[in-house]
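Below are the chains, spelled out letter by letter.
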Amino acid sequence: MENDKTQLTWGGRFEESPSDLMLEFSESVSFDKRLAHYDISVGKAHSTMLASVGLISQEEKKSIFSGLDEIASEIKAGKFNWDIKLEDVHMNIEQALTTKTPAAAKLHTARSRNDLVATDMRLYFKDACQGLIDCVVETMHCLLEKADSWKAVYIPGYTHLQRAQPVSAAHHLLAYVEMFSRDIRRLKEVREHANECPLGSGAIAGTTLGIDRLIVAKELGFVDSEGNGIVTQNSMDAVSDRDLYIEFLNACSLCALHISRFSEDVIIWNTAEFSFVKLPDAFTTGSSLMPQKKNPDSLELLRGKVAGIAGSLQNLYMLVKGLPLTYNRDLQDDKPPVFRSHDQLEISLHVLSGTIRGMELNKENCARAVADPVLLATDLADYLVEKDVSFRDAHHIVGSLVAKAEEKNILLNAISDEDALAISDVLSGDWRGVFDISRAMARRENLGMPGPKAIQSRLDYWKNSFLKTFS
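Basis of the calculations
- Residues numbered from 1 in each chain as written.
- Predicted model: local features only at pLDDT ≥ 70, side-chain atom pairs only at ≥ 80, totals over all residues.
- Heavy atoms only, no water.
- Helix = DSSP H or I, 4+ residues; strand = E, 2+ residues; numbered from the N terminus.
- Rg over C-alpha atoms; globule rule 2.2 N^0.38 Å.
- Buried < 20%, exposed > 50% of the residue type's maximum accessible area, 1.4 Å probe, protein only.
- Contact = heavy atoms within 4.5 Å.
- Polar contact = N/O pair within 3.5 Å; in protein donor to acceptor, adjacent residues only side chain to side chain.
- Axes fitted to C-alpha atoms, helices over the stretch in contact; angles between N-to-C directions.
- Parallel < 35°, antiparallel > 145°, perpendicular 65-115°, else oblique.
- Left-handed = near helix turned anticlockwise from the far one by under 90°.
- Nonpolar A, V, L, I, M, F, W, Y, C, P; charged D, E, K, R; others polar.
- 1 Å grid on protein atoms, 1.4 Å probe; cavity = no way out; pocket = protein on both sides within 12 Å on 5 of 7 lines; lining within 4 Å.
- Points joined across faces, edges and corners; volume = space filled by probe spheres on them.
- Pairing = 2+ DSSP bridges.
- Phe/Tyr/Trp six-rings, centres within 6.5 Å; stacked < 30°, edge-to-face > 60°.
- Lys NZ or Arg CZ within 6 Å of the ring centre and 35° of its normal.
- Salt bridge = Lys/Arg side-chain N within 4 Å of Asp/Glu carboxyl O.

Caption draft 1: The arrangement of the overall build of the protein chain in detail. Helix and strand counts for the protein chain stand at 18 helices and 4 strands. A compact globule built from 471 residues should have a C-alpha radius of gyration of about 23 Å, whereas the protein chain, at 31 Å, is more than 25% larger. Over its C-alpha atoms, taken along the principal directions, the protein chain stretches across nearly 100 × 55 × 40 Å. Scored against the burial criterion, the 471 residues of the protein chain give a buried share of 46%. Partitioning the intrachain contacts of the protein chain with sequence separation of at least 6 by distance along the chain shows that 72% fall at a separation of at least 24.

Structural data, given as structure tokens:
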């Protein structure tokens, strides 16, 4: 086949053009065109700098700006023609610009696609992190609304999926608020790490031309708290580093993991055997065969999404692990897993928020489940400790009581005085008063515990301190 070699910016030393198969195999515009907005911004910032240092004229800069604005409008209107023969988003935009102004030929002065894509992606990561933070905040608000309305409802807490100790439903939800708050901190850290401008690094060793990298950094918002430009400090690292990609995918994977764990909890709560919650029709589906079914499909799908997102993280690890400095074409494949995980996590957070908003608590079933006195067996051991029994002895005594209750098939607090005293003479008086859920919760007011005051304090913190900073 015969291609127009003038379209290939690197084609000067080649006698033949790439085959159609090679063009199809090597193109990236099908996925990196989503960077077009950033590529145009970088083009404007770069041309501003080139004009400032006298490498292009002010008229040429204005012409480049005008052409880039036209291209941006065409892309927004869906009228831009993306051509895989031009390989990527950068060359598509540059080639389109050449049809609008002769100055386009000077735009690539003192830059490479290597530092260009690195800059585009850092701008992308800054926006992606902020967008995901907003989504996580939305989910946290939904959890907090439910926690506030469920704070007087108690449920069994579980270890090994066996009833362990009672907690408030609010305390359970607040455990996930804690997890999601850590996700926000991780995303903020990734956003901070992205705040360094690599443009000016060139392909590997910068340029001999007298550019001013700080101008570009400031134009693009790569600045510190005082407005000073921030740039990368090693040209080889700047164009080959993929730590940021891996950090972003790690943050996405952990957030997806938290979504998956929450989904599993609610799936269990939604079973007929538990029946602690009722899920909204809008986020459930039925069966094509069994007319009675109402399946927690949104939660099952959310639980499944972590596989792809975590898999993308491993994809990047394997992609980078054996690469020497600096840029290698393998790195073209760094973007699909990033874009895919970003999109999946974003919609997952919206779906999770919608599911939480429509979720209802079956307070009667929760009350029945938490009424089992064995949940307060540890409280009885603590009661004995307060009577100067060592904890190991108290643990043994209460364990013997539990065995006796199981032997007689009665509740723990229904054991007779005779049987109790046969186990230990310490079991006299008001030991059955321990099996009062209100007493149990009132005695759990220390930091991090599920007592009513502790729960309210934590709700106030999230609403008035932490999340208020994101309003």
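Caption draft 2: Region of the structure containing the side chain of Lys335. You can see Lys335 is positioned in helix H12 (residues 335-358). A distance of 3.0 Å separates the side chain of Lys335 from the side chain of Asp334, its partner in a polar contact. The residues contacting Lys335, other than those within four sequence positions of it, are Phe31, Asp32, Leu35, Val117 and Met121.

Caption draft 3: Expanded view of the environment of Glu418. Mapped onto the elements of the fold, Glu418 is located in helix H16 (residues 417-423). C-alpha of Glu418 to C-alpha of Gly67: the two residues are 351 residues apart in sequence and 94 Å apart in space.

Caption draft 4: Quick look at the packing of helix H11 (residues 297-320) against H12. Across the interface, H11 lies against H12 with an axial gap of 10 Å and an inter-helix angle of 160°. By the angle between their axes, H11 is roughly antiparallel relative to H12. Taken as a pair, H11 and H12 cross one another with a handedness that is left-handed. Note on element contacts: H12 touches H11 through Pro337, Arg340, Ser341, Gln344, Leu345, Ser348, Val351, Leu352 and Thr355, opposite Ser298, Leu299, Leu302, Lys305, Gly308, Ile309, Ser312, Asn315 and Leu316. Classifying every residue of the contact of H11 with H12 gives 8 nonpolar, 8 polar and 2 charged.

Caption draft 5: Summary view of empty space enclosed by the protein. Here the structure, examined in full by the defined rule, presents 4 cavities of 30 Å³ or more. In this structure, the largest cavity encloses a volume near 70 Å³. Taken together, Ala118, Met121, Arg122, Phe125, Ala238, Asp241, Arg242, Leu244 and Tyr245 make up the lining of the largest cavity. Among the elements of the structure, helix H6 (113-149) and helix H10 (243-270) are those that each provide at least two residues to the lining of the largest cavity. By residue number, the principal contributor to the lining of the largest cavity is H6, which donates 4 residues. Its residues assigned to classes, the lining of the largest cavity shows 6 nonpolar, no polar and 3 charged.

Caption draft 6: How the structure looks around the pairing of strand E1 (residues 154-159). Both E1 and strand E2 (residues 162-168) contribute to a ladder of 5 bridges, which runs antiparallel. Among the inter-strand pairings, Tyr154 is bridged to a residue of E2, identified as Ser168. Linking E1 back to E2 in an antiparallel pair, the connection comprises 2 residues, with His160 at a positive phi of about 60°.

Caption draft 7: Up close: the packing of aromatic side chains. Summed over the entire model, instances satisfying the criterion amount to 14 aromatic pairs. Relative to Phe274, the ring of Tyr158 has its centre 5.6 Å away and its plane inclined at 50°; by these criteria the two rings are tilted. Highlighted residues: Tyr158 in strand E1 and Phe274 in the loop between H10 and strand E3 (277-278), separated in sequence by 116 residues. Tyr158 sits in the partly exposed class, given a relative accessible area of 25%. Accessibility expressed as a relative area gives 22% for Phe274, which makes it partly exposed. Ring centres 4.9 Å apart and planes at 65° place the aromatic pair Tyr461 and Trp462 in the edge-to-face group. Take Tyr461: its relative accessible area is 31%, and that puts it in the partly exposed class. Every member of this aromatic cluster is reached through a ring pair, and the members are Tyr38, Tyr124, Phe125, Tyr245, Phe248 and Phe339. Over the ring of Phe222 we find Lys126; its NZ or CZ atom is 4.7 Å from the centre of that ring.

Caption draft 8: Just the pattern of salt bridges, in detail. This structure, assessed with the given rule, holds 24 salt bridges. With a shortest N-O distance of 3.0 Å, Arg458 and Glu178 are connected by a salt bridge. Of this pair, Arg458 sits in helix H18 (residues 452-466) while Glu178 is found in helix H7 (residues 169-193), placing the two residues 280 residues apart along the sequence. Arg458 gets classed as partly exposed once you look at its relative accessible area, which sits at 30%. Overall, Glu178 belongs to the partly exposed group, its relative accessible area being 26%. Here Asp281 and Lys294 are joined by a salt bridge, their closest N and O atoms 2.8 Å apart. Separated by 13 residues along the polypeptide, Asp281 in the loop between E3 and H11 and Lys294 in the loop between E3 and H11 bring together distant segments of the chain. Judged by its relative accessible area of 60%, Asp281 falls in the exposed class. Salt bridges sharing partners connect three or more residues here, namely Glu70, Glu74 and Lys100.

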